[in-house]
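Residues per chain, in single letters:
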Amino acid sequence: MNFNPKNKTINISLMVGAFFIVSLILWNTNSFFEQFKKEERHKMEIWATAQTEFRNSSQTEDLGDLHLKIFQNNTSTPMILVNKSGTFNAKNIEGNKKKDTAFIKQKIEDFKKENTPILMTHKGELIATLYYGNSEVLNNLKYYPLALLLIIFLFGAVIFFFFKTNKASEQSKLWAGMAKETAHQIGTPLTSLLGWNELLKDENINPEISVEIEKDICRLQTITDRFSNIGSLPKLEEKDIVVETKSAFDYLKRRSSKLIQFSFDSKVDELPVMLNKPLYNWTIENLVKNGIDAMRGKGHIAIEIIPAGSFVNILVSDTGHGIPKGNYASIFNPGHTSKRRGWGLGLSLVKRIVEEYHNGKVKVLSSSKDGTVMQISLKTKI
């Protein structure tokens, strides 16, 4: 895409603004996570203190209900209390695994990585160690930034593809409009040429001149039909694929250099296919001319027609320099060209004509330094 300086500035500003907002959200989420973690640590320290006082109180001492409420209210944070004797008591952990020693040992190691253990002492003597992990809320909060980034990424992808599709649609309409306008512009002088040629026939001139002019006029008419059809939904008619392919091929053969060898082979004598003749001929012409350009005006061009079930494959091969494998798909994109002087529209038109107008397929069947084989697949009427 090409943008003017003003659009570039706007796009850069939007990108910087979006980056700033995302960074701010991530920073705020991280700050909230750390604050929540500190508060959970403080809660666990209170629990450990209450547990220490409860253990070391005498049976006659009245501690009130505060200790009991502290113990009862902590139902979300998983913890393991390991006494100095080595016995343990697990809380807020899956019921079936509270007595599984191997599981508890693994959990203790996990809790050490999440939070620093709390040492419970009385009169300078260690009586127990409290290991605790992050609560479910804290764990969910930890993945919140990733979920947020995923949402932002998906939203950005939707926006990108929307604008890309919208721009592609606009370009398609533009090309269609230009094609129809070109056909209209050619049509006006073409009508005049037909009239002038009829006048020339009445004059005492060499009849061959008039015949050659008629050929050129027919060629211009064909070009006009092509542009007219590319700018609108073309009409498909039942045609013999062998006859139409050979006709287009022979036309190019007669007008090409003698340094190029042409060969045509069909595995069937006739095969009906729904075609738009001007556009199909344009397709063959583009593929053959591309092959001639790849061979730099010297080599062998061949077309082979092979039935394949309910489809027919038309193979166009050349002995040119070949196409890199990584470019098999991109050569059909508008603007892609390896020529110094070229618009890169030939193969993109081929793809549009074959796939959009004829519901077929076109691809690079094979390519190497010895040449390239392009394949068109069309559904037959049989």
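Cut-offs applied
Residues numbered from 1 in each chain as written. Predicted model: local features only at pLDDT ≥ 70, side-chain atom pairs only at ≥ 80, totals over all residues. Heavy atoms only, no water. UniProt positions renumbered as here; feature names shortened; annotations may be inferred. Helix = DSSP H or I, 4+ residues; strand = E, 2+ residues; numbered from the N terminus. Buried < 20%, exposed > 50% of the residue type's maximum accessible area, 1.4 Å probe, protein only. Contact = heavy atoms within 4.5 Å. Salt bridge = Lys/Arg side-chain N within 4 Å of Asp/Glu carboxyl O. Pairing = 2+ DSSP bridges. Axes fitted to C-alpha atoms, helices over the stretch in contact; angles between N-to-C directions. Parallel < 35°, antiparallel > 145°, perpendicular 65-115°, else oblique. Left-handed = near helix turned anticlockwise from the far one by under 90°. Nonpolar A, V, L, I, M, F, W, Y, C, P; charged D, E, K, R; others polar.

The protein chain is annotated in an unreviewed UniProt entry as histidine kinase from Cellulophaga geojensis KL-A. Of the protein chain, the UniProt comment under Catalytic activity (unreviewed entry) reads exactly: "ATP + protein L-histidine = ADP + protein N-phospho-L-histidine."

Counting through the fold element by element, Asp240 comes out in strand 5 (residues 237-240). Residue classification places Asp240 among the buried residues on the basis of a relative accessible area of 19%. The sequence separation of Asp240 and Thr380 amounts to 140 residues, and the corresponding C-alpha distance is 9.8 Å. Beyond its immediate stretch of four places on either side in the chain, Asp240 contacts Asp269, Glu270 and Leu271.

Scanning all chains against the criterion turns up 11 salt bridges. Between Arg41 and Glu45 there is a salt bridge, with its nearest N and O atoms 3.4 Å apart. Of this pair, Arg41 and Glu45 are both found in helix 1 (residues 5-55), four residues apart, which corresponds to roughly one turn of the helix. Where Glu125 meets Lys84, a salt bridge forms, and the shortest distance between an N and an O atom there is 2.8 Å.

The next subject is the sheet that holds strand 1 (residues 79-83). Read across the open sheet, the four strands follow the order 2-1-4-3; overall the sheet is antiparallel. In the strand order of this sheet, the two ends are held by strand 2 (88-91) and strand 3 (118-122), each with one partner. Ignoring which end each strand starts from, the neighbouring axes of this sheet average 20 degrees apart. Looking at chain direction, strand 1 and strand 4 (residues 125-132) are connected through five bridges and run antiparallel. Looking at strand 4, one finds that Leu81 is bridged to Leu130. Sheet contacts for helix 3 (residues 101-114): strand 1, strand 2 and strand 4; angle to strand 1, the most-contacted strand, approximately 110 degrees.

At their nearest, the axes of helix 7 (residues 241-254) and helix 8 (residues 277-294) sit 9 Å apart, and the two run at 50 degrees to each other. The angle between the axes of helix 7 and helix 8 places the two elements in the oblique class. In this structure, helix 7 meets helix 8 at a crossing whose hand is right-handed. From helix 7, Ile241, Glu244, Thr245, Ala248, Phe249 and Leu252 reach across to helix 8, where they touch Lys277, Tyr280, Asn281, Ile284, Glu285, Val288 and Lys289. Partitioning the contact of helix 7 with helix 8 into residue classes produces seven nonpolar, two polar and four charged.

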